[in-house]
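Structural characterization, general
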Amino acid sequence: MDYPHSVHSVNLLNGKFTDGNPQTGLLPSRDTASWSNAVTDELLGIIEAAGLTPTEGLNTQLLQALRRTGVFTTPAQFDNSTVAATSAFVQRALGNFSGEVGITTSQTLPAVLAGRIINAGGTITLTLPPGTTVAAGASYQINNVGVGIVTVQAGAGNNLFGIGNGTPRSFLLGSGDTITIAFVGGTSWYAWGGVQLGASAAFGSLLASNGYQKLPSGLIIQWGGVAIIPYNTTNGSITFPVSFNSQFFHVSHSCFGVYATNIGIDINLTNLTSGGFSYQASTNAASGTFSVRWIAIGN
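Here is a short report on the structure shown in this document. (Residues numbered from 1 in each chain as written. Predicted model: local features only at pLDDT ≥ 70, side-chain atom pairs only at ≥ 80, totals over all residues. Heavy atoms only, no water.)

Secondary structure assignment for the chain yields three helices and 18 strands. Looking at the 299 residues of the chain, the share that counts as buried comes to 31%. Considering only residue pairs separated by 6 or more positions, the chain has 51% of its internal contacts joining residues 24 or more positions apart. Summing over all exposed atoms, the chain offers an accessible surface of approximately 17300 Å²; the carbon and sulfur share of this is 54%. (Helix = DSSP H or I, 4+ residues; strand = E, 2+ residues; numbered from the N terminus. Buried < 20%, exposed > 50% of the residue type's maximum accessible area, 1.4 Å probe, protein only. Contact = heavy atoms within 4.5 Å. Areas by Shrake-Rupley, 256 points an atom, 1.4 Å probe, with all protein chains shown as cover.)

Structure follows, in structure tokens:
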């Protein structure tokens with residue numbers, strides 16, 4: 001709408017209404033029927049969109065309408081323009097969950113489910129949608145509420161990472177496991193939550209014959225083994241897979257092998273440090289396969 005510029009008899013002054021000036025002969029403006037109707041229709045349109053019935057003499061209806069639903073349209077999901085935002089859009093955009101849905105079949109998650117809690121059940125695979133269909137910051141909260149294994153993976157051309165881990169991977173959710181996944185732009189999704197703890201540096205590990213397991217408390221458990229030469233004395237040193245940062249609490253050892261009965265094996269550990277220890281192992285067995293297994297604890 002606009003001022004009635006096209007109707008010259010309205011007598012606008014500088015494009016706006018005027019009260020006129022009798023001393024100069026300037027006539028006051030007058031409203032045309034078409035312009036008055038246009039203004040009224042504009043206002044009534046807002047009142048009716050809010051579900052109200054226009055009532056003559058009730059002069060608060062426009063304010064009531066602006067405070068009700070139906071007047072403003074909630075922008076589309078992921079909209080980042082400068083249009084007015086409804087409270088529904090703000091709730092969704094600020095990271096509040098917009099709802100919950102249960103899923104029991106393998107599928108590619110649709111973009112429309114971004115921002116929802118997904119309670120998954122059964123042994124299924126959930127594939128994240130292409131990054132081209134969502135905006136940066138779009139997220140899914142996935143919970144395994146069943147007894148099967150729920151696999152969460154990125155789709156073709158996209159990558160899923162754990163926080164602090166630069167290797168693309170998928171995640172396996174056991175019963176009760178949870179994971180939050182967000183799209184960060186490009187082709188990358190990042191995950192965090194309970195199931196991601198295994199990829200955290202606080203749970204760093206080397207699961208091998210000579211390996212270690214770290215715990216969030218700082219405790220490190222390490223293990224390994226070394227071969228012993230039959231009917232001989234073996235001297236050597238062990239370097240831990242990872243050095244202890246502060247204290248060396250304990251080391252113990254045992255013998256392992258295939259050999260005849262009535263033989264002797266003697267093992268001594270010395271020079272214990274945060275990085276390893278020395279050992280001397282001897283046996284009177286003429287043949288066989290022998291090794292010393294050790295385990296060390298520290299932080």
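Attention now moves to the sheet that holds strand β8 (residues 171–173). Read from one edge to the other, the open sheet built from four strands follows the order β2-β4-β6-β8, with strand pairing classed as mixed. In this open sheet, the two strands that pair with only one neighbour each are β2 (107–108) and β8. (Pairing = 2+ DSSP bridges.)

Here the focus is the packing of aromatic side chains. How two aromatic rings sit relative to each other is given by the distance of their centres and the angle of their planes. Per the stated rule, a full pass over the model turns up ten aromatic pairs. The interplanar angle of 40° and the centroid separation of 6.1 Å between the aromatic rings of Tyr140 and Trp189 together place this pair among those described as tilted. A residue pair is termed long-range when its members are at least 10 positions apart, and Tyr140 in strand β5 (residues 139–144) and Trp189 in strand β10 (residues 188–192) qualify at 49 residues. For the cation-ring pair, Arg169 lies above Phe171, with the distance from its terminal atom to the ring centre recorded as 4.0 Å. (Phe/Tyr/Trp six-rings, centres within 6.5 Å; stacked < 30°, edge-to-face > 60°. Lys NZ or Arg CZ within 6 Å of the ring centre and 35° of its normal.)

Before going further, it helps to spend a moment on the nonpolar core. Leu126, Tyr140, Ile142, Leu160 and Ile181 are the most contacted members of the largest nonpolar core, which totals 27 residues. Of all the secondary structure elements, the ones that give two or more residues to this core are β1 (100–103), β3 (117–120), β4 (124–127), β5, β6 (150–153), β8, β9 (178–185) and β10. With three residues, β9 is the single largest residue contributor to this core. With 17 residues, the next largest nonpolar core counts Tyr212, Val226, Tyr279 and Val292 among its residues. (Core = buried A, V, L, I, M, F, W, Y, C linked by side-chain atoms within 4.5 Å.)

In this section: the environment of Ala156. On the secondary structure map, Ala156 appears in the loop between β6 and β7 (159–162). Counting along the chain gives 29 residues from Ala156 to Thr127, while the straight-line C-alpha distance between them is 9.3 Å.

Our next topic: the sheet that holds β7. The sheet built from six strands is open, its strands ordered β1-β3-β5-β9-β10-β7 with mixed pairing. Of all strands in the sheet, those bounded by a partner on one side alone are β1 and β7. Direction aside, neighbouring strands of the sheet carry axes that sit 25° apart on average. Taken together, the four bridges between β7 and β10 define a ladder with parallel strand orientation. The residue of β10 that forms the bridge with Gly162 is Ala191. (Axes fitted to C-alpha atoms, helices over the stretch in contact; angles between N-to-C directions.)

Before going further, it helps to examine empty space enclosed by the protein. Using the criterion set out here, one finds one cavity of 30 Å³ or more in the structure. Estimates place the volume of the largest cavity at around 40 Å³. Residue lining of the largest cavity: Val226, Ile238, Leu269, Phe277, Tyr279, Val292 and Trp294, and that is the complete set. The set of elements that each furnish at least two residues to the lining of the largest cavity consists of β17 (276–283) and β18 (289–298). (1 Å grid on protein atoms, 1.4 Å probe; cavity = no way out; pocket = protein on both sides within 12 Å on 5 of 7 lines; lining within 4 Å. Points joined across faces, edges and corners; volume = space filled by probe spheres on them.)

The end-to-end C-alpha distance of helix α1 (residues 33–49), which contains 17 residues, comes to 24 Å, matching closely the 24 Å that a straight helix rising 1.5 Å per residue would cover. Buried residues of α1: Trp35, Val39 and Ile47, and no others. Looking straight down α1, one finds that the buried residues subtend no more than 115° of arc, so they occupy a single side. More than 90 degrees from the buried face of α1, the exposed residues found are Ala33, Ser34 and Asp41. Where α1 is buried, its residues contact α2 (61–66). Gly51 sits one or two positions beyond α1 and adopts a positive phi of about 85°. (Expected span 1.5 Å × (residues − 1). Arc of directions from axis to C-beta.)

Geometric descriptors of this kind do not, in isolation, establish any biological role.
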